[in-house]
Amino acid sequence: MDAVDLSELRVEPITREMEPRFNELMDRHHYLGAGPRIGESIWYAGDFGDGDWVALAAFSAAALKCAARDDWIGWGLRIQYGRLHLIANNVRMLLLGRRANLGSRFLSLCERRIVADWRTKYHHDLLLLETFVAPSRFTGAVYRAANWVEVGGRPPNICMEFRN
């Protein structure tokens, strides 16, 4: 693995002009491909100030149903749908190259800015981030290292949450 100073990592939202590059890299390197934008969404790229992207992430609308999440939050069915807009789902994350601790650092930097970015773009707050980890492919270690919590679910996907 390359030794790099992760304190130099920058995270910026993807602009419309950058979307073709983002999609091309996701299609080429992510096992699920780029995928469409789903409802409200913000995409991020990480680099070391040179424009050479080393990490990508897409955050979109929350999953409509996730029993493990809803039980963990304590939302009943009556209030769940009215509050789903307060959750963003990390639907894609892609690390380009192998660098120790890059994933958790990148994810942490995304977490630090997404609430303000979301409020600016969509005019409402985010209270929670979620993702689904496929345990047949990944352990979820990057998310745990960034202080996300596994809230349950059954394979093939385990729901993980980060509370703002």
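First, a word on what this report is: a plain description of the structure on this page. Remember, predicted model here, so these are calculated numbers, not experimental data.

Here we look at the packing of aromatic side chains
Aromatic ring pairs: the centre-centre distance and the angle between the two ring planes describe each pair. Per the counting criterion, the structure on display carries 5 aromatic pairs. The interplanar angle of 50° and the centroid separation of 5.1 Å between the aromatic rings of Trp-118 and Tyr-122 together place this pair among those described as tilted. Here Trp-118 and its partner Tyr-122 are both found in helix α4 (residues 102–122), 4 residues apart, which amounts to about one turn of the helix. Centroid distance Tyr-143 to Trp-148: 5.0 Å. Interplanar angle 70°. Geometry classified as edge-to-face. As far as the burial class goes, Tyr-143 and Trp-148 line up, both buried. The positively charged end of Arg-21 is found above the aromatic ring belonging to Trp-53, 3.8 Å away from the centroid. The aromatic ring of Trp-43 is capped on one face by Arg-37, whose charged end is 3.8 Å from the ring centroid.

A closer look at the side chain of Asn-89
In this fold, Asn-89 is placed in strand β4 (residues 87–95). We classify Asn-89 as buried; its relative accessible area is 7%. A polar contact of 3.5 Å, which involves the side chain of Asn-89, links it to the side chain of Glu-130. With residues up to four places along the chain from it excluded, the contact list for Asn-89 reads Ala-58, Phe-59, Ser-60, Ala-61, Ala-62, Ala-63, Glu-130, Thr-131 and Phe-132.

Let's talk about the pairing of β4
Taking burial as the measure, the 9 residues of β4 include 7 buried ones, the bulk of the element. Sheet topology places strand β3 (residues 55–61) next to β4; 7 bridges connect them, and they run antiparallel. Bridge assignment links Phe-59 to a residue of β4, and that residue is Asn-90. Relative to strand β5 (residues 128–133), β4 runs parallel, the two sharing 3 bridges. Looking at the pairing, Ile-87 lines up with Leu-128 of β5. Read as a crossover between parallel neighbours, the route from β4 over α4 to β5 is right-handed.

Observations regarding the nonpolar core
Tyr-44, Phe-59, Phe-106, Ile-114 and Trp-118 are the most contacted members of the largest nonpolar core, which totals 27 residues. Taken together, the elements giving at least two residues each to this core come down to β2 (42–47), β3, β4, α4 and β5. For this core, the element with the highest residue contribution is α4, accounting for 9 residues.

Here we look at the pattern of salt bridges
Oppositely charged side chains may form a pair once their charged atoms are brought near each other. A complete count under the given rule lists 10 salt bridges for this structure. As a salt-bridge pair, Glu-150 and Arg-144 come within 3.6 Å of each other at their nearest N and O atoms. Several salt bridges converge on common partners, so that one network encompasses Glu-12, Arg-113 and Asp-117.

Side note on the layout of surface pockets
In this structure, the largest pocket spans a volume of roughly 1100 Å³. His-30, Arg-92, Met-93, Phe-138 and Tyr-143 are the residues nearest the centre of the largest pocket, which is lined by 42 residues in total. Residues belonging to the lining of the largest pocket are distributed by class as follows: 25 nonpolar, 13 polar and 4 charged.

A look at unusual backbone geometry
The general pattern is negative phi for most residues beyond glycine and trans for most peptide bonds. For Asn-101, which is not glycine, the phi torsion reads 65° and is therefore positive. Asn-101 gets classed as exposed once you look at its relative accessible area, which sits at 55%. Positive phi, close to 65°, is recorded for His-123, a residue that is not glycine. Topologically, His-123 is positioned in the loop between α4 and β5.

Procedures and definitions
Along each chain, the written sequence defines residue order, and numbers are assigned to residues from 1. In keeping with the model being predicted, local features are shown solely for residues with a pLDDT of at least 70 and side-chain atom pairs are shown and tallied solely at 80 or more, while totals for entire chains, interfaces and linings include all residues. Processing note: side-chain calculations cover all non-hydrogen atoms of the structure and skip hydrogens and water entirely. Each pair of aromatic rings taken from Phe, Tyr and Trp, with Trp reduced to its six-membered ring, is defined by centres within 6.5 Å and is described as stacked if the planes are under 30 degrees apart, edge-to-face if over 60, and tilted in the remaining cases. Helix and strand definitions follow DSSP, with helices as H or I runs of at least four residues and strands as E runs of at least two, each counted in order from the N terminus. The buried label goes to any residue with under 20% of its type's maximum accessible area, the exposed label to any with over 50%, and the partly exposed label to all in between, with areas taken from a 1.4 Å probe on protein chains only. A positively charged side chain is recorded as over a ring if its NZ (Lys) or CZ (Arg) lies within 6 Å of the ring centre. The angle to the ring normal must also be within 35 degrees. Identification of polar contacts relies on pairs of N or O atoms within 3.5 Å, with a donor-acceptor requirement for protein atoms, meaning one able to donate a hydrogen and the other able to accept it, and with residues adjacent in sequence counted only if both atoms are side-chain atoms. Contact definition: two residues touch when any of their heavy atoms are within 4.5 Å. A pair of strands is labelled paired if DSSP reports no fewer than 2 bridges between them. Consider the strands pointing away from the viewer: the crossover is right-handed when the path from the first strand over the helix to the second runs clockwise. Buried Ala, Val, Leu, Ile, Met, Phe, Trp, Tyr and Cys residues form a nonpolar core when they are joined through side-chain atoms within 4.5 Å. We count a salt bridge whenever a side-chain nitrogen from Lys or Arg sits within 4 Å of a carboxyl oxygen from Asp or Glu. Lining residues are defined by having an atom within 4 Å of a point belonging to a cavity or pocket. Those points lie on a 1 Å grid over the protein atoms alone, cavities being sets where a 1.4 Å probe fits but cannot get out and pockets being open sets with protein on both sides within 12 Å along at least five of seven lines. Grid points are joined across faces, edges and corners, and a volume is the space filled by probe spheres set on the points. Each residue gets one of three labels, nonpolar for Ala, Val, Leu, Ile, Met, Phe, Trp, Tyr, Cys and Pro, charged for Asp, Glu, Lys and Arg, and polar for the others, Gly among them.

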